[in-house]
Amino acid sequence: MDDEILYTVADGIGTITLNRPQARNALTFAMYERLAAICGDLPGHGDPKVLVLTGAGEKAFAAGTDITQFRAFNTPDDALAYESRIDRIITAIESCPIPTIAAISGAVTGGGASIACACDIRIATQSARFGFPVARTLGNCLSMSNYARLATLLGPARVKDIVFTARLIEAEEGQRIGLYNELVADHAALLVRMRELATTIAGHAPLTMRATKEALRRIAKANGHPQGDDLVLMCYMSADFREGMEAFLGKRAPHWQGK
């Protein structure tokens, strides 16, 4: 187990490496639990200021759950318990109070894609291929939480496209639709860039990072739509709104006052 999840802390940067390159870094249940343990107890794991998640080698970030883990499934409770467990793990990553960066090379599919989507920032190589090909592999589905997370990130129409077609999104498309914050040429460039980005973030105000993460998490998890009437009224009833209309109709540049 210690060899399957490599973890180091240096200069305020915690680095988690999924280390099963022979299995395209597919995760065992023990690996999932180790991820949750690190994210849930940062003081007990070197107290990093930023956390980087990556996969060993160039072929995969993570190719989902090791399918051999499913052989023990016999009852409905097995399936429900699995999704509940994965939800707990992904939520632990998403709720990690420090910024998280997924550094992606090669395949990022299934559970691996869920882990990447739970991170705050995703950078990837040109070889990155993202998807949930369950419709042409196991015939299972995602949990409600993961569907919601994906829909928030990519939009419902793209989630349907990805799942229905079971296709893997190439790197350029991934960046175009907002999946990746940055693309780099290759694995060597990825290692350099993830370190640069992590160093920059580690040097910024920790409470700003924490507040921003928690605020956005609460918005995403709010039941229904968060109340926003005050924001609508602030804009529509403003002098700026009137100025904007007049400027548009008069084909001139608006003069904003913030009032």
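The structure presented is a predicted model; accordingly, all values stated were derived computationally and were not measured.

Conventions we followed
- Residues numbered from 1 in each chain as written.
- Predicted model: local features only at pLDDT ≥ 70, side-chain atom pairs only at ≥ 80, totals over all residues.
- Heavy atoms only, no water.
- Pairing = 2+ DSSP bridges.
- Helix = DSSP H or I, 4+ residues; strand = E, 2+ residues; numbered from the N terminus.
- Axes fitted to C-alpha atoms, helices over the stretch in contact; angles between N-to-C directions.
- Contact = heavy atoms within 4.5 Å.
- Buried < 20%, exposed > 50% of the residue type's maximum accessible area, 1.4 Å probe, protein only.
- Arc of directions from axis to C-beta.

### Thoughts on the sheet that holds strand E5 (residues 100-104)
Here 6 strands make up an open sheet; going across it, the order is E1-E2-E3-E5-E7-E10 and the pairing mixed. The open sheet has two edge strands with one neighbour each: strand E1 (5-10) and strand E10 (182-184). Within the sheet, the average angular offset between the axes of one strand and its neighbour, ignoring direction, is 20 degrees. Bridge count for strand E3 (residues 50-55) against E5 is 4 bridges, and the pairing is parallel. The partner of Thr54 across the bridge, within E5, is Ala103. Contacting E1, strand E2 (13-18) and E3, helix H1 (residues 29-40) runs over the sheet at an angle of about 20 degrees to E1. Sheet strands touched by helix H7 (residues 187-202): E1, E2, E3, E5, strand E7 (121-125) and E10. Its angle to E7, the strand with the most contacts, is close to 160 degrees.

### Focus: helix H4 (residues 144-154)
Note: α-helices contain 3.6 residues per turn, so residues at a spacing of three or four share the same orientation. All of the buried residues in H4 are Asn146, Arg149, Leu150 and Leu154. Buried residues along H4 cover an arc of 105 degrees about the axis, so they all sit on one side. Exposed side chains of H4 directed beyond 90 degrees from the buried face belong to Met144 and Thr152. In the stretch just after H4, Gly155 is the one whose phi turns positive, near 95 degrees.

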